[in-house]
Amino acid sequence: MHTARRGLATVIDYSALAGALGVLAAVTLLRRSRQPVGERRDPDPATLRLMVAAGVTVPLSCALAVADATGGSPGKRALGLAVHDAASGSGPTFRQALVRSALKTAVPWELGHQAVWDFRSGNTRRGSLLAAGAYLALGAQAAAIIRNRPTYADRAAGTEVREV
């Protein structure tokens with residue numbers, strides 16, 4: 001049961017992040033649709049890549065880290081789970097939660113985002129490598145959850161997920 005709850009908590013957390021991304025995308029598209037066609041300019045792709053990473057992925061990963069460091073992400077709270085320091089059993093430090101969130105969320109998301117940009121620009125070789133990295137990271141997390149073991153992010157951060 002713990003395995004299913006951990007997996008479902010991750011789905012809830014990723015859905016919450018996707019909801020925030022959906023709102024941001026809707027606002028951006030609405031704003032763009034109000035500009036006259038002749039005045040619309042597309043940002044430089046390299047700038048756009050950095051803007052998405054710095055303006056979306058990093059803040060959302062930091063928000064998850066703050067949540068984990070202060071009692072649990074939305075998914076964990078909903079399902080009676082929490083992240084703990086593996087050594088002491090207490091709540092994680094912000095540093096531990098940030099390392100965990102960066103590895104669990106930011107790395108696979110950014111690999112996936114960068115893969116999409118490469119596919120869009122015709123660089124399928126690099127896009128395929130980045131996409132494979134994203135799937136490998138997500139697959140490793142799923143495998144650890146299914147086997148009820150710490151994920152690579154938990155191992156690196158020195159944390160573990162426990163029932164509250």
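Above this note sits the structure.
Owing to the predicted nature of the structure, the values given are computational and were not obtained by experimental measurement.

Draft legend 1. The arrangement of unusual backbone geometry in detail. Despite not being glycine, Asn 148 shows a phi value in the positive range, around 55°. Its relative accessible area of 41% is what places Asn 148 among the partly exposed residues.

Draft legend 2. The pattern of salt bridges, seen in detail. Considering all chains together, one arrives at 8 salt bridges under this definition. For Lys 76, the salt bridge goes to Asp 13, with nearest N and O atoms at 3.7 Å. Placement of the pair is Lys 76 in helix H3 (residues 74–78) and Asp 13 in helix H1 (residues 2–33), with a sequence separation of 63 residues. Comparing Lys 76 with Asp 13 shows no difference in burial state: the two are buried. Bridged by salt links that share partners, the residues Asp 13, Asp 68, Lys 76, Arg 100 and Asp 154 form one connected network.

Draft legend 3. Fine view of the environment of Val 83. On the secondary structure map, Val 83 appears in strand E1 (residues 81–85). Judged by its relative accessible area of 3%, Val 83 falls in the buried class. In this structure the C-alpha to C-alpha distance between Val 83 and Asp 68, which are 15 residues apart in sequence, comes to 6.2 Å. Look past the residues within four positions of Val 83 in its chain and what remains in contact with it is Asp 68, Lys 76, Gly 91, Pro 92, Arg 100, Thr 159, Glu 160 and Val 161.

Thresholds applied
- Residues numbered from 1 in each chain as written.
- Predicted model: local features only at pLDDT ≥ 70, side-chain atom pairs only at ≥ 80, totals over all residues.
- Heavy atoms only, no water.
- Buried < 20%, exposed > 50% of the residue type's maximum accessible area, 1.4 Å probe, protein only.
- Salt bridge = Lys/Arg side-chain N within 4 Å of Asp/Glu carboxyl O.
- Helix = DSSP H or I, 4+ residues; strand = E, 2+ residues; numbered from the N terminus.
- Contact = heavy atoms within 4.5 Å.

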